[in-house]
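Descriptive structure summary
These are the residues of each chain, in order.
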Amino acid sequence: MARLVRVVLLVCAAARAGGAPPGGSGYLAPAGRFWHITDLHLDPSYRLSPDPTKVCYSSQGAPATHAGPFGHFLCDSPYALIQSAFAHMAPLTRPQDFIIWTGDSPPHVPADELSTDAVVQLIGNMTQTIRQHFPKLTVFPALGNHDYWPQDQMPSSPNAIYQAAAQLWKPWLQPDALRTLSRGGFYSQLVKPGLRVLSLNTILYYGPDRATENATDPAGQFQWLEATLRDAARRREKVYVIAHVPVGYLPYARNTPAVRERHNERLVAIFRAHGAVIAGHFYGHTHRDSVMVLLDRRGKPLTSLFVSPAVTPLKHAEEPYSNNPALRAYLYDAGDYAVLDVWQYFLNLTEANEKQRADWRLEYIMTEAFGLRDLRPPRLLRLGLGFLLPPADAFRRYFAHFMVSYDGGGVCEGECKLLQVCAVMHLDRRAYSRCVAGGRSPPHIDTQYV
């Protein structure tokens, strides 16, 4: 009966707000809310052309047949797609909401198609577009690997991109945050008393970044991260970690951490040591929808991690599937700032182009989709462990959402499923390696916490 009442409250709240997540009426604890947008990847060259190889530079010559006004799966985002996303989101926001924006404004094009000035202009264009749609909301950005020229090559010293970002984001960030942003591309800032956002520059740890490949602590960010987390603990603050490239292992590539392995190991160690302070992690970069749960070395769940899918629908011509455009809202406990729920919105791109109209809608509510009470770490661990058990309905739903209900989504079994499940629960090299080698979750997970 209690669950039925909660579902009714959720549905009623959504109907009153035109699809907006409830501000607390559907939850036992008062709930706050914030929004997550990522991987906009604006392609200014996008145009409907009789020659499908000339629809967009981001297709890199592959024919974008049957392209429409809101994009194509071989192209990065046309401006109309990004505007439609924000136009859907804006009426659902409340004055007390905030936004996290985890990077990547420029398109996927060869380096000679861009320049430092072009990248700054694209970041500025997206910044201005966000400010126009959300003039009263604070936005907490993070830099992505495409937010530099040449892409991926972010240095550990001040440069034109860091300094331009600091200028562009002055309306949202305080002087202390702007100071570290202009020096190293990272910052922290208080959202409200008791809650701090910590925006990391994980591009400094990204494998393709040759500028930092030999550095132990590029830009001194590890030292700064630990000091900031210690200060937050002393002030009795909770922290949301945001960044572009996630920590942990990619769910679609065997034995491949998202950042360099040695840097991933250090990040995991820091996040474990400060697990009592960190209330959640929020990333982008993969363009897909996934979750992770950070465990301590004894298998106790510490922190929930979320990777949001992209606004851009781009896939490479040889890839079998892509993602529909997406954005999301998180609900959090206003007391301890734990994440309670995800409301995931999407645009069926094929349908939108056919109808010549962008009908963004709710794809799923995470607690309802998977029968969870909330999204605290023990609940996400239970979800990951459940993926290993028959029947496979929960995992099939998870994989469909992984691709944001993409029309041509395939079946994920065997090796595909193993990599997905191991990436959910094992973020360090030792645990992940045991998981993929054994074909199941290692036995050291302590199920008393589930």
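From a predicted model like this one, the values you see are computed outputs, not experimental measurements. (Residues numbered from 1 in each chain as written. Predicted model: local features only at pLDDT ≥ 70, side-chain atom pairs only at ≥ 80, totals over all residues. Heavy atoms only, no water.)

Brief notes about the overall build of the chain
What counts is decided by this rule: Helix numbers and strand numbers start at the N terminus; a helix is a DSSP run of H or I with at least 4 residues, a strand a run of E with at least 2. Only C-alpha atoms enter the radius of gyration, while the globule expectation follows 2.2 Å times N to the 0.38, with N the number of residues. Between buried and exposed lies partly exposed: a residue is buried under 20% and exposed over 50% of the maximum accessible area for its type, with that area taken using a 1.4 Å probe on protein chains only. Note on definitions: a residue-residue contact is assigned when non-hydrogen atoms from the two residues lie within 4.5 Å. The protein chains shown are the only cover counted for residues, whose accessible areas, like all others here, come from Shrake-Rupley with a 1.4 Å probe. Only four residue types enter the tally: Lys and Arg on the positive side, Asp and Glu on the negative side, with His and both chain ends excluded. A single reference atom marks each charge: NZ on Lys, CZ on Arg, CG on Asp, CD on Glu.
On a plain count of helices and strands, the chain comes out with 13 helices and 12 strands. Taken over C-alpha atoms, the radius of gyration comes to 21 Å for the chain, in line with the 22 Å a tight globule of 450 residues would show. Seen through its C-alpha atoms, the chain measures out along the principal axes to roughly 60 × 50 × 45 Å. Looking at the chain as a whole, 60% of its 450 residues qualify as buried. Once local pairs closer than 6 in sequence are excluded, the contacts in the chain between residues at least 24 apart make up 67%. Accessible surface, the chain as shown: approximately 17400 Å² in total, 53% of it carbon and sulfur. Both charge centroids of the chain, one from 45 positive and one from 39 negative side chains, sit 8 Å from each other.

As for the pairing of strand β8 (residues 290-295)
Taken residue by residue, a regular strand's side chains alternate between the two faces of the sheet. Put simply, the test is: Criterion used throughout: strands pair if DSSP finds at least two bridges between them.
With 6 of 6 residues buried, β8 is to be regarded as a mostly interior element. Burial of the side chains of β8 extends over both faces: S290, M292 and L294 are buried on one face and V291, V293 and L295 on the other. Bridge count for β8 against strand β9 (residues 301-307) is 6 bridges, and the pairing is antiparallel. Pairing of V291 across the sheet is with F306, part of β9. Taking the residues between adjacent antiparallel strands as the criterion, β8 and β9 are bridged by 5 residues, where G299 takes a positive phi near 95°.

A few points about helix α6 (residues 221-234)
Cut-off, in case you're wondering: One less than the residue count of a helix, multiplied by 1.5 Å, gives the span that helix is expected to have. The directions from the helix axis to the C-beta atoms form the arc being described.
Compared with the 20 Å implied by 1.5 Å per residue over 14 residues, the 20 Å span of α6 between its first and last C-alpha is a close match. Within the sequence span of α6, burial applies to Q221, F222, W224, L225, T228, L229 and A232. Along the axis of α6, the buried residues cluster in a sector spanning 160°; they form a single face. Residues of α6 that are exposed and point more than 90 degrees away from the buried face comprise Q223 and R234. Its buried side turned inward, α6 meets α5 (175-184), β4 (187-192), β5 (195-199), β6 (238-242), α7 (261-273) and β7 (278-283). Trailing α6 by a residue or two, R236 shows a phi angle of about 60°, which is positive.

Some words on empty space enclosed by the protein
Empty space left among the atoms is revealed by rolling a probe the size of a water molecule over them. Worth spelling out the cut-off: Detection works on a 1 Å grid of protein atoms alone, calling trapped sets that fit a 1.4 Å probe cavities and calling open sets with protein on both sides within 12 Å along at least five of seven lines pockets, with lining residues defined by an atom within 4 Å of a point. Grid points are joined across faces, edges and corners, and a volume is the space filled by probe spheres set on the points.
The final tally for this structure, using the stated rule, is 3 cavities of 30 Å³ or more. Space inside the largest cavity adds up to approximately 80 Å³. Lining the largest cavity are 15 residues; nearest its centre among them are Y249, P251, S290, M292 and V307. Of all elements in the fold, only β8 and α12 (415-425) reach the threshold of two or more residues within the lining of the largest cavity. With 3 residues, the top contributor of residues to the lining of the largest cavity is β8.

A short note on the packing of helix α4 (residues 160-168) against α5
For clarity, the cut-off: What counts as an axis is a line fitted to C-alpha atoms, over the stretch in contact for a helix, and the angles between N-to-C directions run from 0 to 180 degrees. Reported orientations rely on four angle classes, namely roughly parallel under 35 degrees, roughly antiparallel over 145, roughly perpendicular from 65 to 115, and oblique for the rest. Handedness of a helix crossing follows the sense of rotation of the near helix relative to the far helix, less than a right angle counterclockwise being left-handed and clockwise being right-handed. Amino acid classes used here: Ala, Val, Leu, Ile, Met, Phe, Trp, Tyr, Cys and Pro are nonpolar; Asp, Glu, Lys and Arg are charged; the rest, including Gly, are polar.
For the pair α4 and α5, the least separation of the axes is 6 Å and the interaxial angle reads 155°. Classified by the angle their axes make, α4 and α5 are roughly antiparallel. For the pair α4 and α5, the sense of crossing is right-handed. On α5, the residues that touch Y162, Q163, A165 and A166 of α4 are L178, L181, S182, R183 and G184. Per-class residue counts for the contact of α4 with α5 are 5 nonpolar, 3 polar and 1 charged.

Regarding the nonpolar core
Taken as a class, soluble globular proteins show a tendency for nonpolar side chains to be buried jointly. Our working rule: In this description, a nonpolar core means a group of buried Ala, Val, Leu, Ile, Met, Phe, Trp, Tyr and Cys residues linked to one another through side-chain atoms lying within 4.5 Å.
Ranked by size, the top nonpolar core spans 127 residues in total, and within it Y240 and F271 carry the most contacts. Contact partners of F271, with chain neighbours within four places excluded, come to L200, L225, V241, V247, I278, H281, Y283 and L294. Counting residues in each nonpolar core, the second largest holds 7 residues, with L419, C422, Y432 and C435 among its members.

Digging into the sheet that holds β4
Sheet architecture is open: 6 strands sit in the order β4-β5-β6-β7-β9-β8, paired in mixed fashion. Pairing within the sheet leaves two strands with one partner each, and these edge strands are β4 and β8. For this sheet the average axis-to-axis angle between neighbouring strands, irrespective of direction, equals 20°.

With respect to the state of the cysteines
Cysteine pairs can be covalently joined through their sulfur atoms, and such a bond is termed a disulfide. Quick reminder of the rule: Criterion for a disulfide: a pair of cysteine sulfur atoms within 2.5 Å.
With the rule as written, the count across this model stands at 3 disulfides. At a sulfur-sulfur separation of 2.0 Å, the disulfide partner of C56 is C75. Between C56 and C75, the S-S dihedral sits near -80°, and the bridge is therefore left-handed. Of this pair, C56 sits in the loop between β1 (31-37) and α2 (79-89) while C75 sits in the loop between β1 and α2, placing them 19 residues apart in sequence. For C56, a relative accessible area of 4% puts it in the buried group.

Topic: the confidence of the model for the chain
The test is simple: What pLDDT conveys is the predictor's confidence in a given residue, as a value from 0 to 100.
Looking at the chain as a whole, its pLDDT mean stands at 93, while 92% of the residues score no less than 70. Summarising per-element confidence for the chain, the mean pLDDT is lowest in helix α1 (residues 2-16) (37) and highest in β6 (99). Per-residue pLDDT stays below 50 along residues 1-18; that stretch engages in 26 contacts with residues further than four places along the chain or on separate chains.

A look at the sheet that holds strand β3 (residues 138-141)
Taken together, 6 strands build an open sheet; the order of strands is β3-β2-β1-β10-β11-β12 and the sheet is mixed. In this open sheet, the two strands that pair with only one neighbour each are β3 and β12 (361-365). For this sheet, the mean angle separating the axes of adjacent strands, direction not counted, is 25°. Where strand β11 (residues 339-346) and β12 come together, 4 bridges link them in antiparallel fashion. Bridging across to β12, Y345 finds its partner in L362. Packing against the sheet, α2 makes contact with β1, β2 (98-101), β10 (326-333), β11 and β12, and its axis sits at approximately 170° to β1. Contacting β1, β2 and β3, helix α3 (residues 116-133) crosses the sheet at an angle of about 160° to β2.

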